[in-house]
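Architecture and fold: a report
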Amino acid sequence: MRYISTRGAAPELTFSEAMMTGLARDGGLYVPAEVPVMAPEDIAALAGLSYEEAAFRVMRPFVGDSFSDEEFRAIIGRAYEGFRHDARAPLVQLGPNHFLLELFHGPTLAFKDFAMQLIGQLFQAALAREGRRVTIVGATSGDTGSAAIEAFRGLDNVDVFILYPHGRVSEIQRRQMTTPSESNVHALALHGDFDDCQARLKDMFNHFEFRDGVGLAGVNSINWARVLAQVVYYFTAAVSLGAPHRKVSFSVPTGNFGDIYAGSIAKRMGLPVETLFVATNQNDILHRCLTTGRYEVDGVKPSISPSMDIQVSSNFERALFDAYDGDGNAVAQLMAELKADGGFTVSQGALEALRATFSSGRASEEETKAAIRDFHARTGEVLCPHTAVGVKVAEEHLGAVPMVTLSTAHPAKFPDAVEAATGVRPGLPAHMQGIMTAKERVTEVPNDLAALEALIHERRAR
Ligand SMILES: *Cc1c(COP(=O)(O)O)cnc(C)c1O
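An account of the accompanying structure is given in this report. Quick caveat: nothing in here was measured; it's all calculated off a predicted structure. (Residues numbered from 1 in each chain as written. Predicted model: local features only at pLDDT ≥ 70, side-chain atom pairs only at ≥ 80, totals over all residues. Heavy atoms only, no water.)

1. A closer look at the nonpolar core
Grouped together as the largest cluster of nonpolar side chains are 115 residues, with contacts concentrated most on Phe15, Phe123, Phe152, Tyr233, Tyr234, Phe235 and Phe250. Residue contributions to this core peak at 13 residues, all from helix H10 (residues 224-240). Ignoring sequence-local partners within four residues, the contact set of tyrosine 234 consists of Phe250, Val252, Asp259, Ile260, Ala262, Gly263, Ala266, Leu271, Leu276 and Leu406. (Core = buried A, V, L, I, M, F, W, Y, C linked by side-chain atoms within 4.5 Å. Buried < 20%, exposed > 50% of the residue type's maximum accessible area, 1.4 Å probe, protein only. Helix = DSSP H or I, 4+ residues; strand = E, 2+ residues; numbered from the N terminus. Contact = heavy atoms within 4.5 Å.)

2. Thoughts on the layout of surface pockets
The space that makes up the largest pocket amounts to roughly 660 Å³. What lines the largest pocket is a set of 26 residues, among which Arg7, Lys202, Val312, Leu338 and Lys339 lie closest to the centre. Listed by contribution, the elements that provide at least two residues to the lining of the largest pocket are helix H8 (194-206), helix H13 (316-323) and helix H14 (328-341). Ranked by the residues each element gives to the lining of the largest pocket, the list is headed by H8, at six residues. When its volume is computed, the second largest pocket comes out at roughly 400 Å³. The wall of the second largest pocket is formed by 26 residues, among which Val169, Ser170, Glu171, Pro306 and Phe414 lie closest to the centre. Among the secondary structure elements, those contributing two or more residues to the lining of the second largest pocket are helix H7 (171-178) and helix H18 (415-422). Sorting elements by how many residues they give to the lining of the second largest pocket places H18 first, with three residues. Taken together, the residues of the lining of the second largest pocket break down into 15 nonpolar, four polar and seven charged. (1 Å grid on protein atoms, 1.4 Å probe; cavity = no way out; pocket = protein on both sides within 12 Å on 5 of 7 lines; lining within 4 Å. Points joined across faces, edges and corners; volume = space filled by probe spheres on them. Nonpolar A, V, L, I, M, F, W, Y, C, P; charged D, E, K, R; others polar.)

3. Thoughts on the pairing of strand S4 (residues 98-102)
For S4, the buried fraction is high: five of the five residues fall into the buried class. By the alternation rule, side chains of S4 split into His98, Leu100 and Glu102 and Phe99 and Leu101, which are all buried. Following strand S3 (residues 91-95), the chain reverses through two residues before pairing antiparallel with S4; asparagine 97 in that reversal takes a positive phi of roughly 60°. Sheet analysis places S4 next to strand S14 (residues 403-407), joined by five bridges and oriented parallel. When the bridges of S14 are listed, histidine 98 appears paired with methionine 403. (Pairing = 2+ DSSP bridges.)

4. A look at the site of the ligand
Around the ligand there are 15 residues in total, and Lys112, Asp143, Gly255, Asn256 and Thr408 lie nearest to it. Lysine 112 is positioned such that a nitrogen or oxygen atom in its side chain is 2.5 Å from an oxygen atom of the ligand. Interatomic distance of 2.5 Å between a side-chain N/O atom of aspartate 143 and an oxygen atom of the ligand. Surface burial for the ligand is 98%, taken as the share of its 380 Å² of free accessible area covered by protein chains. (Near = heavy atom within 4 Å. Polar contact = N/O pair within 3.5 Å; in protein donor to acceptor, adjacent residues only side chain to side chain. Areas by Shrake-Rupley, 256 points an atom, 1.4 Å probe, with all protein chains shown as cover.)

5. Quick look at the sheet that holds strand S10 (residues 273-280)
Taken in spatial order, the six strands line up as S3-S4-S14-S9-S10-S13 in an open sheet, and their pairing is mixed. Because the sheet does not close on itself, it has two edges, and the strands there are S3 and strand S13 (358-362). With strand direction ignored, the average angle separating the axes of adjacent strands in the sheet is 25°. Relative to S10, strand S9 (residues 248-253) is paired through five bridges, and the arrangement is parallel. (Axes fitted to C-alpha atoms, helices over the stretch in contact; angles between N-to-C directions.)

6. Some remarks on helix H19 (residues 449-459)
Turning to H19, its buried residues are Leu452, Glu453, Leu455 and Ile456. Projected onto a plane normal to the axis of H19, the buried residues spread over an arc of 160° and lie on a single side. Of the residues in H19, the exposed ones pointing more than 90 degrees away from the buried face are Ala450 and Glu458. Contact partners of the buried residues in H19: strand S5 (134-139), strand S6 (158-165), strand S7 (185-190), H8, helix H9 (208-214) and strand S15 (443-445). (Arc of directions from axis to C-beta.)

7. What to know about helix H17 (residues 385-395)
In terms of residue burial, H17 counts as a mostly covered element, since 10 of its 11 residues are buried. All of the buried residues in H17 are Pro385, His386, Thr387, Ala388, Val389, Gly390, Val391, Lys392, Val393 and Ala394.

8. Let's talk about the pattern of salt bridges
Within the structure shown, the criterion is met by 29 salt bridges. Residue glutamate 71 is joined to arginine 129 by a salt bridge in which the shortest nitrogen-to-oxygen separation is 3.3 Å. Of the two residues, glutamate 71 is situated in helix H4 (residues 69-80) and arginine 129 in helix H5 (residues 112-130); the sequence distance between them amounts to 58 residues. Looking at glutamate 71, the relative accessible area reads 31%, which means it is partly exposed. Arginine 175 serves as the salt-bridge partner of glutamate 440, at 3.7 Å between the closest nitrogen and oxygen. Of this pair, glutamate 440 sits in the loop between H18 and S15 while arginine 175 is found in helix H7, placing the two residues 265 residues apart along the sequence. (Salt bridge = Lys/Arg side-chain N within 4 Å of Asp/Glu carboxyl O.)

Here's what the structure looks like:
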């Protein structure tokens, strides 16, 4: 399996090379040169398998020669053994034809553990084999950082630096990043918003001297291996509901477009997905783009679903690449316009292609709170604010096709928003209570590339 850049001007790579590289050298994102299709009988055969075995069968063709079958099976087994539910991604019914896919049973209580735990084990195996050491730098709006730290803490051959927007993550998210005591973990609180964190990270990747000097590797949601890990639960959920004989739609709380893009890969692999609903909060650039064709940045408005407070949605570039039929020049031009003018217009043909797979909806702050409150009143269960955005959008589209809303985090990660909406303060699971009193370790950093690079040079182990 070969991987190519969405901007058409970077070297082709293998799976493990693309995983280590993160961002392509032409500024693009790696995608598989072609997407393998699963026959309906192979999809049907996933029914009743363990999550791990389903994961092996869905992901295997994408991995190529980078890992043997035995290695890959063992890696998957280690990745998910720390999850606190035997089904890993259980499906629960919310109402008539509406289901919730619970993706918060991993070690940091958010869906990002699915990808991050796998990528931690994949890195460990690949680096040990090559005798190499890398510096992982990640930007986070909250959940990616804690998931990355949890996946890489204490691993040999890796230093992990996480940039998060100072004062803009929840207390639990911050503590998950600042309390691990392993010396290879470095939490950096950047004076700026999430888009600043993401922009500085991109700058580091585009500064080749620094990139090569520290062996920079990325684990942000642009990393192909993360997208791939997320494809699996679309299959397990849809098969539980009758795929391949029955179609299924998904409502996906969306920020950086990684999770929902994985759903589009599942569809291209042959899973009968009717519609993927992009559910956004008040930071609704994707909803506006799918509605009007114009992608236009207009500043982040902090919300009660902070992991979706994003304007520049990195993985959308992959969907554009698909919608433009793999035309890397066209994508490079759109991205140049975005950088120069803060926006671009999607061509009519590409917009139609996007709408063949994606639809969208938006929840305001009031609507999100109302969704948490109503759901609690109706069922006694509490939703995290991100999941509530997905539920609200899903409820506008319920019909004959089963709808699965992705439940992206445990409500206890966002206790203030949940308590404000319901009057109930969700408690942390017992195994996590220690972080509330553990000592925090964090360095505040300016929104400045040279200062960040100097700090990373100084802190990393050699
Ligand atoms: C990251 C995150 C999202 C958004 O996922 P993307 O892949 O960035 O679209 C939604 N909900 C939660 C809880 C998250 O952590």
